[in-house]
Amino acid sequence: MKTVFIDKPFEIDVRATEMPVPKEGEALLKILYCGICGSDVASFTGNQPFTTYPRIPGHEFSAQIISIPENDKGLKAGDIVTANPYFNCGHCYSCQRGFVNCCTDNQTMGVQRDGCFREYIVMPVERIYDGKGLSAKQLALVEPFTISYHALHRAKINRGDKVLVVGAGPIGLFALIAAKAQGAEVTVADILDGRLEKAKHFGASNVINSKTSNIREEAMKLTNGNGFDVCVEACGQDVTFLSCIDCAAFAANIILIGNGKKETTFLHSILLKKELNVFGSRNSYARDFQAVIDLIASGEAKVDDMVSAVYPVDQVADAFDALVHNDGSLSKVLIEVAKEA
């Protein structure tokens, strides 16, 4: 079968490997589409500290079941599905308390263990989710959507709340969709007009170009001088976290999704003065996958336009190169590995 390897930074190749053999409790899946995550790009560029090489990237995918043992989920051969790619140890303190997304020995496909960029994989049946009639492309978007969905449910959002999402990449746009599904009025900030146009397309009530405008001044104008009830940081930059603090109302919630790569310096007494609640967010739960699938299936969340480009697996190097040089025009890029039977 065809398998994609990142052999070392900036070296990616497609080569033949042996078909996997399912063990007890595992299903054999034929991969249909894989999404390229920011973490995959970081592995490609050598900026992912948890990646070792060579590595098969990928953890956002849709697949068709080839074989599966008898199960109580009603899953059968031929079904189009997606799956949870975060493998937890099951015995650390986090896992014991049910916080499996925060496993201290978490292994995410494509990072700490080999991923889905190959024609076939095996997965434990318990990690596979019924696609409920969604298309293979839509199901490849479920995992990144769950990251934002999980994050937006870390803090209570009330209907009518004013929410600011800083960063209009795919995760920020999914955060916008998740916040709107909870009845919020959402403003999106970014430095690229193209991304802000996409935010409008996905239902942002207001947008702020934080490169050409003072984000705090704009935030105060949009909230009658009060600040936002919830601020979502979806960039992982020090300046965007500080912007969230500046734009937050007193007693507001700040949710951090972006994975920061450098230290942030600020006077922490501002958190006390405004009595801000700061929530970190990592991965997602099985219930988040099921909720997102239901949200898309109901038509409440329309995600098809999130896909900017689809590349065949033999052109995977071109896809990664396009994302490395992304000018903001690309949201989700998918790799077509195989077609449905």
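Predicted, not measured: the structure shown is a model, and the values here were computed from it. (Residues numbered from 1 in each chain as written. Predicted model: local features only at pLDDT ≥ 70, side-chain atom pairs only at ≥ 80, totals over all residues. Heavy atoms only, no water.)

Q: When you look at the overall build of the protein in this model, what are you seeing that I'm missing?
A: What the protein contains, in helices and strands, is 11 helices and 17 strands. Over its C-alpha atoms the protein spans a radius of gyration of 20 Å, differing by no more than 12% from the 20 Å that the globule rule assigns to 341 residues. With the principal axes as the frame, the protein shows a C-alpha extent of 60 × 40 × 40 Å. Considering the protein as a whole, with its 341 residues, one finds that 52% of them fall into the buried category. Look at the contacts in the protein between residues 6 or more apart in sequence, and 69% of them connect residues 24 or more apart. For the protein, the accessible area works out to roughly 15400 Å², and carbon and sulfur atoms hold 48% of it. Counting 34 positive and 41 negative side-chain charges, the protein places the centres of these two groups 4 Å from one another. (Helix = DSSP H or I, 4+ residues; strand = E, 2+ residues; numbered from the N terminus. Rg over C-alpha atoms; globule rule 2.2 N^0.38 Å. Buried < 20%, exposed > 50% of the residue type's maximum accessible area, 1.4 Å probe, protein only. Contact = heavy atoms within 4.5 Å. Areas by Shrake-Rupley, 256 points an atom, 1.4 Å probe, with all protein chains shown as cover. Lys, Arg positive; Asp, Glu negative; His and termini not counted. Charge placed at Lys NZ, Arg CZ, Asp CG, Glu CD.)

Q: Before we go on, may I ask you to explain the side chain of His-150 in this structure?
A: Along the chain, the position of His-150 falls in helix α4 (residues 142-152). Discounting chain neighbours no more than four positions away, the residues touching His-150 are Asn-101, Ser-281, Arg-282, Asn-283, Ser-284, Tyr-285 and Asp-288.

Q: Please clarify how the sheet that holds strand β11 (residues 185-190) should be interpreted in this entry.
A: Consider a sheet: its strands pair through backbone hydrogen bonds, and that pairing is either parallel or antiparallel. Strand order in the open sheet formed by 6 strands is β12-β11-β10-β13-β14-β15, and the pairing between neighbours is parallel. Of all the strands in the sheet, just β12 (206-209) and β15 (277-280) have a single pairing partner and so form its edges. Between one strand axis and the next, the sheet turns through 20 degrees on average, direction left out of account. Where strand β10 (residues 162-166) and β11 come together, 5 bridges link them in parallel fashion. Opposite Val-166, over in β11, you have Ala-189 as the bridge partner. The strands touched by helix α6 (residues 193-201) within the sheet are β11 and β12, with β12 carrying the most contacts at an inclination of about 170 degrees. Against the sheet, helix α7 (residues 215-222) contacts β10, β11, β12 and β13 (228-233), and its axis sits at roughly 160 degrees relative to β12. (Pairing = 2+ DSSP bridges. Axes fitted to C-alpha atoms, helices over the stretch in contact; angles between N-to-C directions.)

Q: How do you make sense of the pattern of salt bridges when you look at a structure like this?
A: It is possible for side chains of opposite charge to pair when their charged atoms get near one another. Overall, the coordinates contain 13 salt bridges when judged by the stated rule. Put simply, Lys-132 and Asp-294 hold a salt bridge, and the shortest N to O gap is 2.7 Å. Highlighted residues: Lys-132 in the loop between β9 (128-130) and α3 (136-139) and Asp-294 in helix α10 (residues 286-297), separated in sequence by 162 residues. Assessed through its relative accessible area of 47%, Lys-132 is described here as partly exposed. Taking the relative accessible area as the measure of exposure, Asp-294 reaches 37% and is therefore partly exposed. Here Glu-218 ties to Lys-221 by a salt bridge, and the two come within 3.4 Å at their closest N and O atoms. Here Glu-218 and its partner Lys-221 are both found in helix α7, 3 residues apart, which amounts to about one turn of the helix. Glu-218 sits in the partly exposed class, given a relative accessible area of 23%. Linked by salt bridges that have partners in common, Asp-7, Asp-13 and Arg-15 make up one network. (Salt bridge = Lys/Arg side-chain N within 4 Å of Asp/Glu carboxyl O.)

Q: Hey, could you run me through the pairing of β13 in this one?
A: The side chains of a regular strand alternate, first on one face of the sheet and then on the other. Within β13, 5 of the 6 residues are buried, which leaves the element mostly enclosed by the surrounding structure. Relative to strand β14 (residues 248-256), β13 runs parallel, the two being bridged by 5 bridges. Along β14, the bridge assignment pairs Phe-228 with Ala-248. Each parallel crossover has a hand, and for β13 linked through helix α8 (residues 238-247) to β14 it is right-handed. (Right-handed = clockwise from strand over helix to strand, strands pointing away.)

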